[in-house]
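As a plain string of letters, each chain reads:
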Amino acid sequence: MRTILFFLTIQFLVLLNAATAQQKTQRAWQTGCYYDLKGNKFIGWVTREQDVEYYFQEVQNAIFFKTVENSRGRKIPADSMQAYVAMVDSFVVIHAFGMKRRPFIRVIVDGTVKLYESKFNEQPLLQSMQSNGMMVTTGAGKPYEKTVYYYGTNPNDITQLKRSNFLKEMTEIFSSEPALLDEIKYQEYKYDDMDAILSHYFWYKRHEK
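As the structure is a prediction and not an experimental result, all values here were calculated from the model. (Residues numbered from 1 in each chain as written. Predicted model: local features only at pLDDT ≥ 70, side-chain atom pairs only at ≥ 80, totals over all residues. Heavy atoms only, no water.)

Novice: Tell me about the overall build of the protein, residues and numbers included.
Specialist: What the protein contains, in helices and strands, is four helices and 14 strands. For the protein, with 209 residues in total, the buried portion stands at 31%. Of all intrachain contacts in the protein linking residues separated by at least 6 positions in sequence, the fraction that spans at least 24 positions is 43%. Here the protein has roughly 14,500 Å² of accessible surface; of this, 53% comes from carbon and sulfur atoms. (Helix = DSSP H or I, 4+ residues; strand = E, 2+ residues; numbered from the N terminus. Buried < 20%, exposed > 50% of the residue type's maximum accessible area, 1.4 Å probe, protein only. Contact = heavy atoms within 4.5 Å. Areas by Shrake-Rupley, 256 points an atom, 1.4 Å probe, with all protein chains shown as cover.)

Here is the structure:
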């Protein structure tokens, strides 16, 4: 009886791992396209997650692309691209030296002055403290997701969105949405309220359509 239960358990775990891998594969690949440095468009399936024997890990400086759905795909380095699209999300590539580690930024507001978003995992810095006359280094803690916003008229001319002059920058970005600007002013929204601001922005865009 124990032998039967053992083999049933093993079979269940194998099927569970296969189903999980299949679900992950389906989530990782999305219909989309990418544009090379000459502006040529290539349509197929796109992902930022590298498949290593069904273990997926997001890479920061490349995408993976395929034109045949059931194939493994090939790696496209960021420095050979202008942009890529995955489903409804558009990403541009920043080729500036300071953005080499995180070159992809998502286009959130596609107006005259565009708003971009960069999300990445940040590792807390190690902290040192003195104890009994000795310097002791404490743990850095768990990585957390950090969001940085940029704005500008094109990817080659962007500025990081700062807390200072926040209202002035919002006026440039949302110049086509005066009702939203009134909300930002009267509700006294700040930099930390970007989620609420963007939620209202997309609400206005949906109702405009």
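The rest of the description comes next.
Novice: Run through unusual backbone geometry, naming residues and quoting values.
Specialist: Positive phi, normally seen in glycine, also occurs at asparagine 165, with a value near 60°. Among the structural elements, asparagine 165 can be located in the loop between strand E14 (157-160) and helix H2 (166-173). When its relative accessible area of 54% is taken as the criterion, asparagine 165 is described as exposed.

Novice: Go over the environment of glutamate 169 with me, naming the residues and quoting the values.
Specialist: Along the chain, the position of glutamate 169 falls in helix H2. With 18 residues separating them along the chain, glutamate 169 and tyrosine 151 place their C-alpha atoms 8.3 Å apart.

Novice: Can you break down the packing of helix H3 (residues 178-186) against helix H4 (residues 194-208) residue by residue, with the values?
Specialist: At their nearest, the axes of H3 and H4 sit 10 Å apart, and the two run at 155° to each other. Taken together, the axis directions place H3 and H4 in an arrangement best described as roughly antiparallel. Here H3 runs over H4; the crossing is right-handed. From H3, Ala179, Leu180, Glu183 and Ile184 reach across to H4, where they touch Ile197, His200, Tyr201 and Tyr204. (Axes fitted to C-alpha atoms, helices over the stretch in contact; angles between N-to-C directions. Parallel < 35°, antiparallel > 145°, perpendicular 65-115°, else oblique. Left-handed = near helix turned anticlockwise from the far one by under 90°.)

Novice: Would you mind going over the packing of aromatic side chains in detail, with residue names and values included?
Specialist: Within a pair of aromatic rings, the relevant descriptors are the distance that separates the centres and the angle that separates the planes. Within the structure shown, the criterion is met by nine aromatic pairs. Taking 6.4 Å as the distance between ring centres and 80° as the angle between the ring planes, the aromatic pair formed by tyrosine 149 and tyrosine 191 counts as edge-to-face. Within this pair, whereas tyrosine 149 is found in strand E13 (residues 144-154), its partner tyrosine 191 is found in the loop between H3 and H4, the two being separated by 42 residues in sequence. Judged by its relative accessible area of 15%, tyrosine 191 falls in the buried class. Their ring planes at 75° and their centres at 6.3 Å tell us that phenylalanine 166 and tyrosine 191 sit as a pair that is edge-to-face. In this pair, phenylalanine 166 is assigned in helix H2 and tyrosine 191 in the loop between H3 and H4, connecting sequence segments 25 residues apart. Summarising the burial analysis for this pair, phenylalanine 166 and tyrosine 191 share the class buried. What links up through ring pairs into an aromatic cluster is the set Tyr34, Phe42 and Phe65. For lysine 66, the ring lying beneath its charged end belongs to tryptophan 29, and the centroid distance is 4.1 Å. (Phe/Tyr/Trp six-rings, centres within 6.5 Å; stacked < 30°, edge-to-face > 60°. Lys NZ or Arg CZ within 6 Å of the ring centre and 35° of its normal.)

Novice: Please give an account of H3 that cites residues and values.
Specialist: Of all the positions in H3, only Leu180, Leu181 and Ile184 are classed as buried. Buried residues of H3 fall within an arc of 100° about the axis and therefore sit on the same side. When the buried face of H3 is taken as reference, the exposed residues oriented beyond 90 degrees from it are Pro178 and Tyr186. Buried-residue contacts for H3 involve H2 and H4. Two residues or fewer after H3 comes glutamate 188, characterised by a positive phi angle close to 55°. (Arc of directions from axis to C-beta.)

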